[in-house]
Every structure is written in structure tokens, then in C-alpha cells.
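Architecture at a glance
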Amino acid sequence: MSVPTLCFVARSIGEISETWMWRQIVGFTRVRPHVLTWQYIHRDLFPMGDVPMHIQPEAACWPEETSGLARRMHRLRNLPGRDFFATTRREYATITHALREIRPDVMLCQYGMIGLRMLPVARQLAIPLVVHFHGSDLASTLENPWYRWSITSALPRFDAIVVVNTKQRDWIVRQGVEPANVHVIPCGVPTEEGAERPPKERNATAPQFIVVSRLVKLKGIDVSIRAFAAVVKEIPQARLVVVGEGPEREELDALVDDMGLRASVRFTGWLSHDDVRQELRQSDVFLQHSLVPEGWPVSVAEASAMGLPVVVTPCGGLSEQVVDGVTGFMVPMRDVRCMQESMLRLARDPDLRERMGMAGRMRMTQEFSVRRQIGRLEDVLLDCADLLSVSSVADSVESR
């Protein structure tokens, strides 16, 4: 029996913060992936091997990101189908041409916006469509009424929906989608690599905390820095490493200076995946003080897989990812005092750090390994590919 062909669709491939996407593409074994994307960056860090790449023209119009007449006309044209984020008429031809080459048995779209963009093409060509939601596409993006109207109308038309936590699943089911069509599959983590982390000397005098995140307000990095200041007062040799880049870098730098922490806090900027893992190996506690619902933060999961206890807020998928008091601590949002108490407790107690870290690693290994999660995703894709025979899909594509 031939291996079904998958059309894997994402706006961009190779984003430093989306390593999980690359892992999925190169990790598929029961489907043959072809990638359809508009941008492929950091190719040296994310090599695709023999996976075929179909890159759409960079000049493609994204009407939702324009203003004025073009966006209004696009919305007017798509009013009958209530999909205001559908592909443009000009782009439809180039996407159809790519699909004639791919001849897919099933299509997987990463993020709700891309699912909306590809829905008209998939329906026209009779290609089963699976949409993989992650975080903002079922949270802050819903504040855009045009997106909210589009996605709630489209949800029942997707052949299958993949989400990363049960809160997302429950919201989608409340929109009238059959529960059997919604699958909770968090992104996996490379637990085999976590075993490489060397045991650190259990020394309470110089614990190192680490943040790996985009430097944006909604990640609450300023709260982590303020809480860390209390740790330094008690344990002067403690250190904080902040990995990432973003628009808040300047403000966070100023905050570090204002609090007299320059000698204790190090900003690394963006790092490669291997360099991030090296920083994790040298650290003792992972911090993520999120202020918005998270999908399934892979950075937190990777830290747990490497044996680090974590301190997080109970936002979205974090409340399912972290077992409070077992694999780390959960603290209320914007509660600097509670954050610093949890950090101090871990800083003072190397044995507690080790117990929590090993509990987190065991949980990631048993439940959320890359291989396990990709296998579950492939199950969904194969089920959808069976909705139509290979020959009927190929005939439909050829006829366009």
C-alpha cells in the first residue's frame, strides 16, 4: 500500500520559536510530506533533507494586513462564504498549480489563519483539510471580529481539528463542532536529547534561573526580573539568563539597571536550538510568567524534559502541562511576591529542584515525546485521508 501524501501548509518555515514545526515535518513516517509555504528561513538550522518545498511568491497579498480599498474589496468578495481570510483570486492560481504537483491525499494547515486561507482551495479540489491550532489563534486573535466571524463559521467545515489543550477543545465544541472531530495533541518534545543534560553540582549558593521567550509584555518577563531581585538579596551569587529577543528588550534592560541587577542578569538575544539547550543544561530553574492564555509552550516542555523544575502561571495549556507542587510551581499572574517565594524555595533547596526536575522529565518522556505526539497526529491525518480515495483526489486535482 502506498504512503499517503501530505500537503503541510504554514506561512513560514524555520522560525526560531517554532522548532516543533520542523520536528513534525522531518519526523513523519506514515505520510509523505510536501511543504507549501510563503517563506523558508534559517535553512541551515532547519534542513528539510529530501522533503519537497513549494514556496509561494513573497509578493503574495495578505489582505488582512493591508488597509483601505484592497482589504474592503477582499472582505466584500468573501462575504457570501464568511471567510474573510480566504486566499486572494490572484494567489488561488499559484496554490492550485502547486497542488497539482503535490497531488495530496490530505492537507495540514498550521494555525487557524492558514486554515481559513486554504479552505476554499481544499473544498474546491476535494482535499481533506486538517487545521492545527496552537495559542494566539484561539486567544488574542479572536479579538479581531473579522477573524472571529470567519473561524467560527469555518470550524464545522474542517475535516478534523487539532488543538494543544483541553480548554481550546472545549471552546471549539461550544461552537457546534462534533467532539469526535477535535483532537487534543500537544506538540512533542525531544526527550532523548534531554538525557544529555549532565548532573549539576547541587549547590544552593549559585542557582541559575533561565527564561526562554520572545521579549514581549504578555510574557511577563518584567515580573520574573522583579521577583529575581529578591532572590539576589538572599543569594548574591544567583544568576538569571534571558534568552530571546523582542520589542521589550530596551525596557527590560532599563529595569535590570534600575534594580541594580546588571551583574546578575544576562541577555543572550536569539540563540540557535543547540545553544538554547546548552543554556538549559547550565541552568537550575526555568521561568515563564505568562500573562495570556498559552497553547502549549514548547519551551516549558523542553525545560521539563531536560530535568528543570519550572515556575509558571496557570494560563491556558500551562495548567495542564505543569503539575503544581510536583514538576514545578504555579503562581498567580502578576503576583511578584508569590513568584519570588517559589523561586527562593527552589533556590534554597537543591534536593527539591532535583525531585521536581526529574518528575517533569519523567512526565514529558512518558506522555509528550516527539515520536508519540507525531504518531498521534499521523493517526488523525490518515483517518482524514481515508475520507476520499487516492484516485478520486488525484482526479479532482488534475481536473483543475
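Okay, so let's go over this structure. (Residues numbered from 1 in each chain as written. Predicted model: local features only at pLDDT ≥ 70, side-chain atom pairs only at ≥ 80, totals over all residues. Heavy atoms only, no water.)

So, about the overall build of the protein. From N to C terminus, the protein includes 16 helices and 13 strands. Rg of the C-alpha trace for the protein: 22 Å, near the compact-globule value of 21 Å for 400 residues, within the 12% margin. With the principal axes as the frame, the protein shows a C-alpha extent of 70 × 50 × 40 Å. Within the protein, buried positions represent 56% of all 400 residues. Contacts spanning at least 24 positions in sequence make up 70% of the contacts within the protein whose residues lie at least 6 apart. In the protein, 47 positive and 49 negative side-chain charges are present, and the distance between their average locations comes to 4 Å. (Helix = DSSP H or I, 4+ residues; strand = E, 2+ residues; numbered from the N terminus. Rg over C-alpha atoms; globule rule 2.2 N^0.38 Å. Buried < 20%, exposed > 50% of the residue type's maximum accessible area, 1.4 Å probe, protein only. Contact = heavy atoms within 4.5 Å. Lys, Arg positive; Asp, Glu negative; His and termini not counted. Charge placed at Lys NZ, Arg CZ, Asp CG, Glu CD.)

We now examine the sheet that holds strand S1 (residues 5-10). Sheets are built from strands that pair by backbone hydrogen bonding, the pairs being arranged parallel or antiparallel. One open sheet holds the 7 strands; their spatial order is S3-S2-S1-S4-S5-S6-S7, and the pairing between them is parallel. Where the open sheet ends on each side, the last strands, each with one partner, are strand S3 (53-55) and strand S7 (182-184). Across this sheet, the average inter-strand angle for adjacent strands is 20°, counted without regard to direction. Alignment of strand S4 (residues 106-110) against strand S5 (residues 129-132), held across 4 bridges, turns out to be parallel. (Pairing = 2+ DSSP bridges. Axes fitted to C-alpha atoms, helices over the stretch in contact; angles between N-to-C directions.)

This next bit is on the sheet that holds strand S13 (residues 328-330). Strands sit in the order S10-S9-S8-S11-S12-S13 across an open sheet of 6 strands; the sheet is parallel. In this open sheet, the two edge strands, each paired with only one partner strand, are strand S10 (265-269) and S13. Each strand of the sheet is rotated relative to its neighbour by a mean of 20°, with strand direction disregarded. Taken together, the 4 bridges between strand S9 (residues 239-243) and S10 define a ladder with parallel strand orientation. Paired with valine 243 across the strands is glycine 269, a residue of S10. Against the sheet, helix H8 (residues 221-234) engages strand S8 (208-212), S9, S10 and strand S11 (285-288), with an angle of about 165° to S9.

Enumeration over the complete set of coordinates arrives at 0 disulfides. Between cysteine 109, a cysteine without a disulfide, and cysteine 7, which holds the nearest cysteine sulfur, the sulfur-to-sulfur distance is 7.4 Å. With relative accessibility at 0%, the residue cysteine 109 sits in the buried group. As a non-bridged cysteine, cysteine 187 has cysteine 109 as the owner of its nearest cysteine sulfur, 15 Å distant. (Disulfide = S-S within 2.5 Å.)

Applying the stated rule across the entire model yields 2 cavities of 30 Å³ or more. Around the largest cavity, the lining residues are Trp20, Arg23, Gln24, His132, Ile185, Pro186, Cys187, Gly188, Val370, Gln373, Ile374 and Leu377. Of all elements in the fold, only helix H1 (19-27) and helix H15 (370-385) reach the threshold of two or more residues within the lining of the largest cavity. Among the elements that line the lining of the largest cavity, the one with the most residues is H15, at 4 residues. Of the residues that constitute the lining of the largest cavity, the class distribution is 7 nonpolar, 4 polar and 1 charged. When its volume is computed, the second largest cavity comes out at roughly 30 Å³. Taken together, the residues of the lining of the second largest cavity break down into 3 nonpolar, 4 polar and 1 charged. (1 Å grid on protein atoms, 1.4 Å probe; cavity = no way out; pocket = protein on both sides within 12 Å on 5 of 7 lines; lining within 4 Å. Points joined across faces, edges and corners; volume = space filled by probe spheres on them. Nonpolar A, V, L, I, M, F, W, Y, C, P; charged D, E, K, R; others polar.)

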